[in-house]
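# Examination of the molecular architecture
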Amino acid sequence: MIYRSTRSHDWQVSAAQAIIQGLAPDGGLFVPEEFPAAFTEDELKDLFSLSYQELAEKVLSRFLTDYSPEQLHEIVKGAYGDQWDDDRIAPVSEERGGNYFLELFHGPTLAFKDIALQCLPRLMKTALEIQHDSHEIVILTATSGDTGTAAMRGFSQLDKTRVIVFYPYQGVAPIQLKQMLSESGGNTVAIAVKGNFDQAQTNVKRIFSDKEFGAELNEHGFAFSSANSMNVGRLLPQVVYYFYAYGQLVKRGIVQAGGLVNFSVPTGNFGDILAGYYAKKLGLPVGKLICASNKNKVLTDFFKTGIYNKNREFYVTNSPSMDILVSSNLERLLFDICQDPATVKGLMAELNEKGRYQLPKAMYEKLGTFAADFATPAEIEGEIKRVYAASGYVIDPHTAVASLAAHRFKKQDGAHPTVVLSTASPYKFPETVYHAISGLEVKRAGMPALKQLTDFTHYLPKSIEKFLGHTGAETVIEASDMPAEVKQILGI
Ligand SMILES: *Cc1c(COP(=O)(O)O)cnc(C)c1O
């Protein structure tokens, strides 16, 4: 299968090449030239009885045609092995507060990024073999918190790869920071950048598209790639769990095969929810995809009006992994609904120059699969409390955004079961969660808050213990120094 850029006809590559490069040289994102055929009804029925690993092989093989079945088998086996604390990998909860929660946080760093980032490094390693590429891959990534840790964990110890993570200084949660600093070392490093996530992400994109910089790196045997959801190898593993969630509902008799299911997705960079859109294109009976934002509600406004406008105040909220004003993966959706790279390029240029663009009417009318809503920090706490009071179930602040959106949506249109994507363990965000469920004040952010939460719930996820005692120092730089920092780290 051929992948192409969303912004021009100039870049046509294999899946392996797309995964190695991360981003197309014209700044566009790689998308399938021709979307794979949808599963038939009979094929779908068979999928719903598979294990997570078997399902992953089936779904990935539709997109990654230059990988052999044996290669995909090994990749999936390694990615979804015993580093997960639940052998279903992505279990669906009982009904809690009116909805079902797809728990995507059972991996080593307790956030849904693990689903993709346990897989991407293995996809990349095999891609290098397929391409007979001998470069050392440098993964440059901007993170709003969870990608950084998950990428560092996923790539750690992997031959011929380096990971450099940039995160906004004082813009990630205390536990996220501790995790990143404790993962630092060997082939991975995390650097704080003064500014917010969007500034860090913009600079990473700039470094990527700097041809001179790229050439200099090549001379030294390095090549850049990305572990952000801009990389198609990160996006595709996420398609799997939509099928898996649906299959679990079928098995329990909550929906009959073929019946519609809604998914409510806490959204930042638009990767997770785009994977749901791809699942629907592959034939999964998805009703609505509810795009749930926090107070940085660019996407809510976009779906309501067709205008994307990032010229607005940026809020640091209690759901930091969604504190994003430029959702990179939306570009793939735009491409899908117009199929015209010139149009996408024009819209992205407008976004770059004016900070806003308006969709042509014909494109806007094609967004009917999506509903959109947002939650303020206070509403997030309220929703954590509501679900806990209704069912004793503890959810994290990001999940709460989607849970609230689903809850409100149900009131207007309650016909179908709704799955809320639960993207992080509540123990990563104890400050907000403890306050919400106990009504008591947190003594101090970070470890003291975590202790209060674990004392309250009598539970602590195993993988969190590892970095509890860690006290590393941060490296803090100006955003303009990012290119120089990269060179210094690589010793060139
Ligand atoms: C990354 C992240 C999100 C947002 O996912 P996108 O794919 O960027 O839309 C939501 N919740 C958590 C906990 C995350 O780590």
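The shown structure was predicted, so the numbers you read here are calculated from the model rather than taken from an experiment. (Residues numbered from 1 in each chain as written. Predicted model: local features only at pLDDT ≥ 70, side-chain atom pairs only at ≥ 80, totals over all residues. Heavy atoms only, no water.)

The five strands are arranged 9-6-7-8-16 in an open sheet whose pairing can be described as parallel. Each edge of the sheet is formed by a strand with only one pairing partner; in this case those strands are strand 9 (222-226) and strand 16 (476-478). Strand-to-strand twist across the sheet, computed as the mean angle between neighbouring axes with direction ignored, equals 30°. Sheet analysis places strand 6 (residues 136-142) next to strand 7 (residues 161-168), joined by six bridges and oriented parallel. Across the sheet, the residue bridging to Leu140 is Ile164, located in strand 7. With respect to the sheet, helix 9 (residues 197-209) is in contact with strand 6, strand 7 and strand 9, its orientation differing from that of strand 6 by roughly 150°. (Pairing = 2+ DSSP bridges. Helix = DSSP H or I, 4+ residues; strand = E, 2+ residues; numbered from the N terminus. Axes fitted to C-alpha atoms, helices over the stretch in contact; angles between N-to-C directions. Contact = heavy atoms within 4.5 Å.)

Our next topic: the pairing of strand 4 (residues 92-96). Relative to strand 5 (residues 99-103), strand 4 is paired through three bridges, and the arrangement is antiparallel. Bridge pairing links Glu95 to Tyr100 in strand 5. What sits between the antiparallel neighbours strand 4 and strand 5 is a turn of two residues, in which Gly97 has the positive phi angle 60°.

Looking now at the pattern of salt bridges. In total, this model carries 20 salt bridges according to the counting rule given. Of the charged contacts in the structure, one is a salt bridge between Glu74 and Lys77, with a shortest N-O distance of 3.8 Å. With a gap of three residues between them, Glu74 and Lys77 both fall in helix 4 (residues 69-79), about one helical turn apart. A relative accessible area of 46% places Glu74 in the partly exposed class. Taken together, the shared-partner salt bridges in this structure form one network comprising Lys297, Asp301 and Arg312. (Salt bridge = Lys/Arg side-chain N within 4 Å of Asp/Glu carboxyl O. Buried < 20%, exposed > 50% of the residue type's maximum accessible area, 1.4 Å probe, protein only.)

On to the UniProt feature "modified residue: N6-(pyridoxal phosphate)lysine" (unreviewed entry) in the protein chain. Within the UniProt annotation, "modified residue: N6-(pyridoxal phosphate)lysine" (unreviewed entry) is assigned to Lys113. Note that Lys113 resides in helix 5 (residues 113-117). Given the relative accessible area of 10%, Lys113 is considered buried. Apart from the residues within four sequence positions on either side, Lys113 is in contact with Asp146, Thr147, Ala150 and Arg234. (UniProt positions renumbered as here; feature names shortened; annotations may be inferred.)

Let's shift gears to the packing of aromatic side chains. With the rule as written, the count across this model stands at 24 aromatic pairs. On the numbers, 6.4 Å between centres and 70° between planes, the contact of Phe302 with Tyr357 is edge-to-face. You can see Phe302 sitting in helix 13 (residues 298-305) and its partner Tyr357 sitting in strand 13 (residues 356-358), a full 55 residues away along the chain. You can call Tyr357 buried: its relative accessible area is 1%. A connected cluster of aromatic rings, assembled from ring pairs, spans Phe270, Tyr277, Phe302, Phe303, Tyr308, Tyr357 and Phe370. If you follow Lys281 out to its NZ or CZ, it ends over the ring of Phe35, 4.9 Å from the centre. The ring of Phe374 carries the charged tip of Lys297 above its face, separated from the ring centre by 5.1 Å. (Phe/Tyr/Trp six-rings, centres within 6.5 Å; stacked < 30°, edge-to-face > 60°. Lys NZ or Arg CZ within 6 Å of the ring centre and 35° of its normal.)

For the coordinates displayed, the defined rule picks out zero disulfides. No disulfide involves Cys291; its sulfur sits 19 Å from that of Cys338, the nearest cysteine. (Disulfide = S-S within 2.5 Å.)

This paragraph deals with the sheet that holds strand 1 (residues 2-5). Strand order in the open sheet formed by three strands is 2-1-3, and the pairing between neighbours is antiparallel. Since the sheet does not close on itself, it has two edges, and those belong to strand 2 (12-14) and strand 3 (30-32), each with one partner. On average, each strand axis in the sheet is inclined to that of its neighbour by 40°, with strand direction left out of account.

Attention now moves to the domain arrangement of the protein chain. Segmenting the protein chain into domains produces domain 1 (2-85 + 112-231 + 473-490) and domain 2 (100-111 + 233-465). Computed from C-alpha atoms alone, the centre-to-centre distance between domain 1 and domain 2 is 21 Å. In this assembly, 71 residues from domain 1 lie in contact with 59 residues from domain 2. Carbon and sulfur atoms supply 65% of the area that domain 1 and domain 2 bury against each other, a total of about 5,600 Å² over both sides. On the domain 1 side of the interface with domain 2, the three residues burying the most area are Phe48, Phe112 and Ile175, jointly 15% of the side's total. Summed over the shared surface of domain 1 and domain 2, the result is two salt bridges. (Domains from an automatic or database assignment. Buried area = accessible area lost by both parts, 1.4 Å probe.)

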